[in-house]
Amino acid sequence: MTDDQLPSWTRPENQIRVGQPPRNRADAVRKLVWILPWLIFLGSPVQDLSSGDHGTAATVAGWVALATFTGLYLTLVFRNMGRPFAEPIVGALVFLLGALAVTLCLTLGGAWIGLFVYVSVTCGATLPQRAAYWAVGLNTLAMVLVGVDVGLDDWSLVLVVLLLGFAMMGVKQLVRTTVELRKARATVAQLAANEERLRLARDLHDLLGHSLSLITLKSELAGRMLPDHPGKAAQQVADIEQVSRQALVDVRAAVSGYRRARLSDELAGAQVALNAADVTAEVPAEPGLDGVPEESETALAWALREAVTNVVRHSGATRCTIELLRRQTLDGPVLELSVEDNGSGGSGKGPGNGLTGLTERLEKAGGTLEAGRTKHGFRLVARVPATTSAAIGSGA
């Protein structure tokens, strides 16, 4: 499923990349929106400056200091999401932030005690783990001492400051783990792709190496026999044709096996696609396909892919149930795939190209397709033989 088929909120360009710098202005705005709600603790200092209880010089200095404090806080936290400052710079800025909090509380009063919340958050989010433990503790101690001096009434804020600092340390560790997992997943995907390329290269080498060597040898023999023994040369040419045809068959078989759709992979992909489309999905576990012909499995895999694509793109469904059952019929055992949703089934008046092509694919595998609206939505049922034709005949 492509990105344009996903809901807008699940598309990569609309998601916040944890632990990575913003890619564009919209990404920066989304990151900033997550930070701004924390500025609620600045309400008390703003109210204090707006009350007129301080002189003109003190009010102006207070606004400047508050703007500086807020700018430092936002800069440190925002930069820490993607391209953090060097550790010495971070330490110096955190110290300056703490010094501003202490100075403003001691000079302008207890209304400014909430600034220690931002100092604690910054310590937990930006400092190394060991340094953050000490910094959060020292910041809490400084708040207690300043609170005693200014006559703090609500001492529960001390617990808020302490817990927020340690909570941000946990968040930072979680972000680091997420970034490492993202890198590890990319590495595993690259290694898997490389391994698959090597496997295909080995298969083609094993298939073609012997055949091409034999073709080369027989071509040389035919060239030497041609003037004096045309009959033997013709036999060598016939052998060359036979070897080349067999090599072509082997290569096609190898490539077909390399590209063959597998039902277990499509079931896993269906779960991911439906969840991404915000559709509640009931998907069976990995099926047991012992004795099921590869052609039947491939046909069912394509049927599942087409059905899930229709659910995601056209149905508008909120729930989808996938069932995979073995049934005994008059024609022998069959493997039945059922995909049912509570959507509209699309706006088309007849079967689309996807269902038409799917019907032809199932018929080639000896199966059938049934699709149509039900009382509660839309249902697609695909059936394929669960055994080979020879086995069915012998059973009869």
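What counts and how
Residues numbered from 1 in each chain as written. Predicted model: local features only at pLDDT ≥ 70, side-chain atom pairs only at ≥ 80, totals over all residues. Heavy atoms only, no water. Helix = DSSP H or I, 4+ residues; strand = E, 2+ residues; numbered from the N terminus. Buried < 20%, exposed > 50% of the residue type's maximum accessible area, 1.4 Å probe, protein only. Areas by Shrake-Rupley, 256 points an atom, 1.4 Å probe, with all protein chains shown as cover. Core = buried A, V, L, I, M, F, W, Y, C linked by side-chain atoms within 4.5 Å. Contact = heavy atoms within 4.5 Å. Pairing = 2+ DSSP bridges. Axes fitted to C-alpha atoms, helices over the stretch in contact; angles between N-to-C directions. Salt bridge = Lys/Arg side-chain N within 4 Å of Asp/Glu carboxyl O. Phe/Tyr/Trp six-rings, centres within 6.5 Å; stacked < 30°, edge-to-face > 60°. pLDDT = per-residue confidence, 0-100.

What the protein chain contains, in helices and strands, is 12 helices and five strands. Taking all 396 residues of the protein chain together, 33% fall into the buried category. Total accessible area on the protein chain stands at roughly 23000 Å², and carbon and sulfur atoms take up 60% of it.

This paragraph deals with the nonpolar core. If you look at the biggest cluster of nonpolar residues, it comprises 41 residues, and the most contacted ones within it are Phe69, Trp112, Ile113, Leu115, Phe116 and Met143. Listed by contribution, the elements that provide at least two residues to this core are α3 (56-80), α4 (87-108), α5 (115-126), α6 (129-150) and α7 (156-225). Per element, the largest residue contribution to this core is nine residues, and it comes from α4. Sequence-distant contacts of phenylalanine 116, defined by excluding residues within four places in its chain, comprise Ala101, Val102, Cys105, Asn139, Ala142, Met143, Val146 and Val161.

Right, let's talk about the environment of glycine 110 for a bit. On the secondary structure map, glycine 110 appears in the loop between α4 and α5. What makes glycine 110 partly exposed here is its relative accessible area of 32%. It is 9.1 Å that separates the C-alpha atoms of glycine 110 and proline 45, two residues lying 65 residues apart in sequence. In this structure, glycine 110 is in contact with Cys105 and Val150, ignoring residues within four places of it in sequence.

Time to look at the pairing of strand β2 (residues 319-329). The pairing of strand β1 (residues 280-282) with β2 spans three bridges and is classified as parallel. By the bridge assignment for β2, glutamate 282 is matched with threonine 321. Pairing of β2 with strand β3 (residues 332-341), which is carried by 10 bridges, proceeds in the antiparallel orientation. Opposite threonine 321, over in β3, you have glutamate 340 as the bridge partner. Hairpin connection, β2 to β3: the antiparallel pair is bridged by two residues.

Strand order in the open sheet made by the five strands is β1-β2-β3-β5-β4, with mixed pairing throughout. The open sheet is flanked by β1 and β4 (368-373), the only strands paired with a single partner. Put simply, the sheet's adjacent strands are angled 15° from each other on average, direction ignored. Looking at chain direction, β3 and strand β5 (residues 378-385) are connected through eight bridges and run antiparallel. Residue aspartate 341 lies in a different strand from β5, and its bridge partner there is phenylalanine 378. Against the sheet, helix α9 (residues 263-276) touches β1 and β2, its axis set at about 155° to β2. Strands in contact with helix α10 (residues 294-315) are β2, β3 and β5; relative to β3, the strand with the most contacts, it is inclined by about 10°.

Summed over all chains, the structure comprises six salt bridges. The closest approach of N and O atoms between arginine 379 and glutamate 340, which form a salt bridge, is 3.8 Å. Taken together, the residues arginine 379 in strand β5 and glutamate 340 in strand β3 connect sequence positions 39 residues apart. Accessibility expressed as a relative area gives 31% for glutamate 340, which makes it partly exposed. Members of the salt-bridge network, linked through shared partners, are Arg327, Glu336, Glu370 and Arg383.

Under the criterion given, the structure shown has three aromatic pairs. Aromatic pair phenylalanine 69 and tyrosine 118: ring centres 6.2 Å apart, planes at 80°, arrangement edge-to-face. Remark: tyrosine 118 occurs in helix α5 and phenylalanine 69 occurs in helix α3; sequence separation between them is 49 residues. Assessed through its relative accessible area of 2%, tyrosine 118 is described here as buried. Among the aromatic residues, those joined into a ring-pair cluster are Phe69, Tyr73 and Tyr118.

For the protein chain, the mean per-residue pLDDT works out to 79, and 83% of the residues sit at or above 70. Contacts for the low-pLDDT stretch residues 1-16, under 50 throughout, to residues beyond four places or in other chains number 28 contacts. The low-confidence segment residues 390-396 (pLDDT under 50) makes four contacts with residues lying over four places distant or belonging to another chain.

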